[in-house]
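In case you want the letters, here they are:
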Amino acid sequence: RLRQSEGMLQEAAAAFWPVIAAYAEYQQGDTPSAYLFKTIDQRRLPPGADFNQPGWFENYTVGLYGQINLWSGGRHYLQRRMAATGLRMQELDRLSIENALLASVINSYFNLLAADELAAIAAESVATVAAQLRTMEVRYRAGGVLKSDVLSLAVRLAQAREEEIRARSQHSLVMASLATLLGHDPDSHLEPLPSEHMSLLAPEGYAAALSEALETRPELEKMRRNVVHSRM
């Protein structure tokens, strides 16, 4: 659509350029009206011609002509402005798509950082519960705790391992999503930098962010351009 709008802008601007063209025509026949006009134009109408049966004629015409637009009531100027506005609207559409892609990448990036931390926490939980279970088994063999206490920790260990598997699965899904957004193979392994190493240029506070969004959001600017385009 962007390339189509660029073509429409070029087409609208073409009205302001001079036009030079050549043409050629060949005609033959026995139509009385055509015979009369062609022979008169050539100043070759024979005396005493029978207009009902003038005979056969042939005619060759070649020419060169030029034209330039001097004034059209502003119609072509307005068409060019409308085409330029339409092109800008398509550019804003593309910018909206780019913003959506950027937002998806940012969201997936922070989700990947969170998934990393959740996977690490789940692994630590498994290690902690496993260590507690080993200690509890030693105490059970020494007769210091009940069998039910050991079984309870065994259940907790199984739950912790289940959470670890779920966290790793979520981590794999988020990494595949981010790799796809970045144009890589979904099976690619990514090593994101911690967020504190990033320099994010963001407005200070909600009010400032809202003001900047109202001024720069491509969707809002497209709406304003659409109003202008409709008025044209």
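Residues numbered from 1 in each chain as written. Predicted model: local features only at pLDDT ≥ 70, side-chain atom pairs only at ≥ 80, totals over all residues. Heavy atoms only, no water.

Participant: Please explain the pattern of salt bridges as it appears in this structure.
Facilitator: Side chains that differ in sign of charge can pair as their charged atoms come close. In total, this model carries eleven salt bridges according to the counting rule given. Of the charged contacts, one joins E163 and R166 as a salt bridge, the two residues approaching to 2.8 Å between their closest N and O atoms. Note that E163 and R166 are positioned in helix α4 (residues 147–181) at a spacing of three residues, about one turn of the helix. Given a relative accessible area of 44%, E163 falls into the partly exposed group. (Salt bridge = Lys/Arg side-chain N within 4 Å of Asp/Glu carboxyl O. Helix = DSSP H or I, 4+ residues; strand = E, 2+ residues; numbered from the N terminus. Buried < 20%, exposed > 50% of the residue type's maximum accessible area, 1.4 Å probe, protein only.)

Participant: What exactly am I supposed to notice about the packing of aromatic side chains here?
Facilitator: For any pair of aromatic rings, geometry is given as the distance between the ring centres together with the angle between the planes. Counted under the stated rule, the structure contains four aromatic pairs. Ring geometry for Y26 versus Y60: centroids 4.8 Å apart, planes at 40 degrees, classification tilted. Taken together, the residues Y26 in strand β1 (residues 19–29) and Y60 in strand β2 (residues 57–67) connect sequence positions 34 residues apart. The exposure class assigned to Y26 is partly exposed, which follows from its relative accessible area of 40%. Pairing Y109 with F110 gives two aromatic rings, centres 5.0 Å apart and planes at 70 degrees, and the pair type is edge-to-face. Judged by its relative accessible area of 13%, Y109 is buried. Using a relative accessible area of 33% as the deciding quantity, one classes F110 as partly exposed. When the ring centre of F16 is taken as origin, the NZ or CZ atom of R80, which lies over that ring, is 4.5 Å away. (Phe/Tyr/Trp six-rings, centres within 6.5 Å; stacked < 30°, edge-to-face > 60°. Lys NZ or Arg CZ within 6 Å of the ring centre and 35° of its normal.)

Participant: Sorry, what's going on with the nonpolar core here?
Facilitator: For soluble globular proteins, nonpolar side chains are generally found buried alongside one another. Core analysis: the biggest nonpolar cluster contains ten residues, these being V126, V129, A130, L133, M136, V145, V150, L153, L157 and A160. When contributions to this core are tallied by element, the ones reaching two or more residues are α3 (75–141) and α4. No other element matches the five residues that α3 contributes to this core. Setting aside residues no more than four positions away along its own chain, V145 makes contact with M136, R139, Y140 and V150. Membership of the second largest hydrophobic core comes to six residues, among which are L112, L178, A179 and L190. (Core = buried A, V, L, I, M, F, W, Y, C linked by side-chain atoms within 4.5 Å. Contact = heavy atoms within 4.5 Å.)

Participant: I keep staring at helix α2 (residues 32–41) and nothing clicks. Help me out?
Facilitator: At 3.6 residues per turn, the α-helix brings residues three or four places apart onto the same side. Along α2, the positions that sit buried rather than exposed are A34, Y35, K38 and T39. Buried residues of α2, seen end-on, are gathered within an arc of 115 degrees and therefore sit on one face of the element. Exposed and oriented more than 90 degrees from the buried face of α2 are F37 and D41. Of the surrounding elements, those touching the buried residues of α2 are β1 and β2. (Arc of directions from axis to C-beta.)

Participant: Quick question: what am I supposed to make of the packing of α3 against helix α6 (residues 218–231) here?
Facilitator: The description of two helices packed together rests on the angle between their axes and the distance between the axes. Direction vectors running N to C along α3 and α6 enclose 165 degrees, while the axes themselves pass 9 Å from each other. Here α3 lies roughly antiparallel to α6, going by the angle between them. Both α3 and α6 take part in a crossing whose hand is left-handed. The residues of α6 that touch α3, namely those facing M82, T85, G86, R88, M89, L92, D93, L95, S96 and N99, are P218, E219, E221, K222, R225, N226 and H229. In terms of residue class, the contact of α3 with α6 is built from five nonpolar, six polar and six charged. (Axes fitted to C-alpha atoms, helices over the stretch in contact; angles between N-to-C directions. Parallel < 35°, antiparallel > 145°, perpendicular 65-115°, else oblique. Left-handed = near helix turned anticlockwise from the far one by under 90°. Nonpolar A, V, L, I, M, F, W, Y, C, P; charged D, E, K, R; others polar.)

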